[in-house]
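Residue-level structural notes
Chain by chain, the residues:
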Amino acid sequence: MDIAEDTLKYSKDVMELFKQRYQQMKEKGTQIIVESAKAAKMPHVHTEPVIGRNEPCPCGSGKKYKKCCGAA
């Protein structure tokens, strides 16, 4: 602890480095917050095709979807 305090007291370079790192962390944190806010605003896009109730079931049973896997 004493070594850290002495280094901070007598070394302006260390303090300047801490200030630079702090600024970088603030910028990166802001960037992360902005990106996650943008991602939250994006609409959800369905990646799977929508299966109609009267189409054949994709499981291969030969039944209509509503009578097979779509029956709930």
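This text follows the structure it describes.
Our subject in this report is the structure included herewith. This structure is a prediction, so every number in the text was calculated from the model and none was measured.

Re the overall build of the protein
- Scanning the protein from N- to C-terminus turns up 2 helices and 0 strands.
- Scaling as 2.2 N^0.38, a compact globule of 72 residues should have a C-alpha radius of gyration of about 11 Å, whereas the protein reaches 29 Å, well beyond that.
- Counting every position in the protein, which comprises 72 residues, the buried fraction comes to 3%.
- For the protein, the computed accessible surface area is about 7000 Å², with 58% contributed by carbon and sulfur atoms.
- Side chains of the protein give 13 positive and 9 negative charges; the mean places of these two sets differ by 20 Å.

So, a nonpolar patch on the surface
- Together, Leu8, Met15 and Phe18 make up an exposed nonpolar region whose accessible area comes to about 260 Å².
- Mapped onto the elements, methionine 15 comes out in helix 2 (residues 12-41).
- Judged by its relative accessible area of 34%, methionine 15 is partly exposed.

Focus: the environment of arginine 21
- Tracing the chain through its elements places arginine 21 in helix 2.
- Along the backbone, arginine 21 and cysteine 68 are 47 residues apart, and their C-alpha atoms lie at a distance of 60 Å.

Observations concerning the environment of lysine 26
- Along the chain, lysine 26 falls in helix 2.
- By relative accessible area, lysine 26 is classed as partly exposed at 41%.
- Placed 17 residues apart in sequence, lysine 26 and lysine 9 show a C-alpha to C-alpha distance of 24 Å.

With respect to the state of the cysteines
- Tallied over the entire structure, the rule returns 0 disulfides.
- Not engaged in a disulfide, the cysteine cysteine 59 finds its nearest cysteine sulfur in cysteine 57; these two sulfurs lie 3.5 Å apart.
- Residue cysteine 59 is classed as partly exposed on the basis of its relative accessible area of 47%.
- With no disulfide partner, cysteine 68 has as its closest neighbouring cysteine sulfur the one in cysteine 59, 3.6 Å distant.
- With a relative accessible area of 22%, cysteine 68 lands in the partly exposed category.

The rules behind these values
- Residues numbered from 1 in each chain as written.
- Predicted model: local features only at pLDDT ≥ 70, side-chain atom pairs only at ≥ 80, totals over all residues.
- Heavy atoms only, no water.
- Helix = DSSP H or I, 4+ residues; strand = E, 2+ residues; numbered from the N terminus.
- Rg over C-alpha atoms; globule rule 2.2 N^0.38 Å.
- Buried < 20%, exposed > 50% of the residue type's maximum accessible area, 1.4 Å probe, protein only.
- Areas by Shrake-Rupley, 256 points an atom, 1.4 Å probe, with all protein chains shown as cover.
- Lys, Arg positive; Asp, Glu negative; His and termini not counted.
- Charge placed at Lys NZ, Arg CZ, Asp CG, Glu CD.
- Patch = residues over 30% accessible without salt bridge, like charges linked within 9 Å, V, L, I, M, F, W, Y side chains within 5 Å.
- Salt bridge = Lys/Arg side-chain N within 4 Å of Asp/Glu carboxyl O.
- Disulfide = S-S within 2.5 Å.

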